[in-house]
Amino acid sequence: MAEPQLAVIDVRPGAALESQSGLQMLRPRIYGAWMAPPGGARVAAIVMHPTSNFMGHYLIGPLAERGVCCLGLNSRYMGNDTVLLMERAIQDLGAGVKFLQSQGYDRVVLIGNSGGAALASFYQAQAERLTATHLPDGDPSGLHAADLPPVAGIALCAAHLGRSRLLADWIDPSVTDEHDPLSVDPALDMYDPRHARPYSPAFLARFKGAQQARLQRIEQWVLARLEQLRATPGAPRDQAFVVYRTHADPRCVDLSLDANDRAPGSVWGDARQVNYSANAMGRTTSLTAFLSQWSSRSQADGPTNLAHTTCPKLLLTYTADQSTFPSTRDAWMAAGGSAIRNVDIVGGNHYLAGQPQLVREAADAIAAFCHAL
């Protein structure tokens, strides 16, 4: 099998300063790595995440071995979601679809892995019917139907429901001062040993209510600050801010909740340490990026968008995943209706790390799905 080839794809510019690279701002480009099967193929797949580097994704080689060209594509926001707009990310995904079409592939499938699941769903929903004409802050999105050629199918694996839902489930409600990452209300601290596991229904109800309240407070502050900036002559149109402690999901430490085959903890290690870390999900963001990714105004909710797509769909459930659960599977299955089927990858962790046999199982399922289109 040959080594992956580099894909260099020009994209349409969007918001200012999306990249800190001067070269990138001069001529916006995205990059990917792709591998074609020996002897050619008629079907190709793209695996892409809003920010993760997927040029070394574990499915690229195995899918090529199974007769499916696979492109691991990076968005313009690779490695930094501070100013990420989901509406720009699907524009980049569309550039990848066009690239594969230019290489002669008549069928393209989107592989939505982890946070790429909501991205793929958002893309296809907009490709079938463009409604995201404006960003959540009210500015025009700059999206055009020609940017988003529809695909033949969607395969989801270890699939998060979307960034706005993740933050709603993960934000720490025990923060008492948004400017102090160490501030804590012990009554709402899921990591406080005084709250025994399994958690009581009363604690979980208080916890969830306080999560919603904190998220609403932040969103209201974002909207008010954005209005203030845009009403002030000479002021910038955006600003960055910090959201402390964004990894407090009781399911990380209470395995009786949404039970699957997982081990205790987070996909990134000790859950409490991740919660307090300097670099975690949604930690640093801008006002406009918060609205696009993390807020109730986000247009990129996974199941909502998947329900508006008509193409065939496949869901791979990794049963030992520490960040997707039976309820996650159920939400995707309800959204996909009769057009989706589920395949369990039994014992699979979120990244299939150290599980080469399960990588082969996942590749077998996705390749069979692609060839059947």
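Throughout what follows, the structure given in this document is the object of discussion.

Each value, and the rule that gives it
- Residues numbered from 1 in each chain as written.
- Predicted model: local features only at pLDDT ≥ 70, side-chain atom pairs only at ≥ 80, totals over all residues.
- Heavy atoms only, no water.
- Helix = DSSP H or I, 4+ residues; strand = E, 2+ residues; numbered from the N terminus.
- Rg over C-alpha atoms; globule rule 2.2 N^0.38 Å.
- Buried < 20%, exposed > 50% of the residue type's maximum accessible area, 1.4 Å probe, protein only.
- Contact = heavy atoms within 4.5 Å.
- Lys, Arg positive; Asp, Glu negative; His and termini not counted.
- Charge placed at Lys NZ, Arg CZ, Asp CG, Glu CD.
- Pairing = 2+ DSSP bridges.
- Axes fitted to C-alpha atoms, helices over the stretch in contact; angles between N-to-C directions.
- Right-handed = clockwise from strand over helix to strand, strands pointing away.
- Expected span 1.5 Å × (residues − 1).
- Core = buried A, V, L, I, M, F, W, Y, C linked by side-chain atoms within 4.5 Å.

## Observations concerning the overall build of the chain
Piece 1. Tallying secondary structure elements over the chain gives eleven helices and ten strands in all.
Piece 2. In terms of overall size, the chain behaves like a compact globule, its C-alpha atoms giving a radius of gyration of 21 Å where 373 residues would be expected to give roughly 21 Å.
Piece 3. Seen through its C-alpha atoms, the chain measures out along the principal axes to roughly 60 × 55 × 35 Å.
Piece 4. Relative to its 373 residues, the chain shows a buried fraction of 55%.
Piece 5. Counted over contacts in the chain with a minimum sequence separation of 6, partners at least 24 positions apart contribute 78%.
Piece 6. A gap of 3 Å separates the mean positions of the 31 positive and 34 negative side-chain charges of the chain.

## Some points on the sheet that holds strand 3 (residues 43–49)
Piece 1. If you walk across this open sheet you meet the eight strands as 1-2-4-3-5-6-9-10, and the pairing is mixed. Of all the strands in the sheet, the pair left with one neighbour each is strand 1 (5–10) and strand 10 (340–345). Between one strand axis and the next, the sheet turns by 25° as a mean value, whatever way the strands run.
Piece 2. One ladder, built from six bridges, connects strand 9 (residues 313–318) with strand 10; its direction is parallel. Paired with threonine 317 across the two strands is aspartate 344, which belongs to strand 10.

## Here's the deal with the pairing of strand 5 (residues 107–113)
Piece 1. In terms of burial, strand 5 is largely enclosed, as six of its seven residues are buried.
Piece 2. Bridge analysis of strand 3 against strand 5 gives five bridges, and the strand direction is parallel. When the sheet's bridge partners are listed, alanine 45 is paired in strand 5 with valine 109.
Piece 3. Pairing of strand 5 with strand 6 (residues 153–157), which is carried by five bridges, proceeds in the parallel orientation. Its bridge partner being in strand 6, valine 109 is matched across the sheet by glycine 153.
Piece 4. Since strand 5 and strand 6 lie parallel, the crossover through helix 4 (residues 116–128) that links them has a hand, and here it is right-handed.

## Brief notes about helix 11 (residues 356–371)
Piece 1. In this model, helix 11 (16 residues) spans 22 Å end to end at C-alpha, consistent with the 22 Å of a helix rising 1.5 Å per residue.
Piece 2. Of the residues making up helix 11, those classed as buried are Leu358, Val359, Ala362, Ala363, Ala365, Ile366, Ala367, Phe369 and Cys370.
Piece 3. Looking at the packing, one finds that the buried side of helix 11 touches strand 3, helix 2 (60–65), strand 5, strand 6, strand 9 and strand 10.

## Remarks on the nonpolar core
In a soluble, globular protein the nonpolar side chains are often hidden away together inside.
Piece 1. Of all hydrophobic cores here, the largest spans 47 residues; its most connected members are Ile46, Leu71, Leu100, Leu110, Tyr123, Leu156 and Trp332.
Piece 2. Looking at this core element by element, the count peaks at eight residues for helix 3 (residues 86–102).
Piece 3. Those residues in contact with leucine 156, other than ones at most four positions away along the chain, are Gly112, Ala117, Ser121, Leu306, Leu314, Leu315, Leu316 and Trp332.
Piece 4. In this structure, Val43, Leu59, Cys70 and Ile366 belong to the second largest nonpolar core, which totals 32 residues.

## Some details on the environment of glycine 72
Piece 1. Within the secondary structure, glycine 72 is located in strand 4 (residues 69–74).
Piece 2. In this view, glycine 72 contacts Tyr31, Gly32, Ala33, Val47, Phe54, Met55 and Ile60; residues no more than four positions away in its chain are not counted.

## Looking at the side chain of aspartate 249
Piece 1. As for its placement among the helices and strands, aspartate 249 is situated in the loop between strand 7 (240–242) and helix 7 (271–276).
Piece 2. When near neighbours in sequence (up to four residues on either side) are disregarded, aspartate 249 contacts Asp169, Trp170, Met190 and Phe325.

Any functional reading would require information that these geometric values do not contain.
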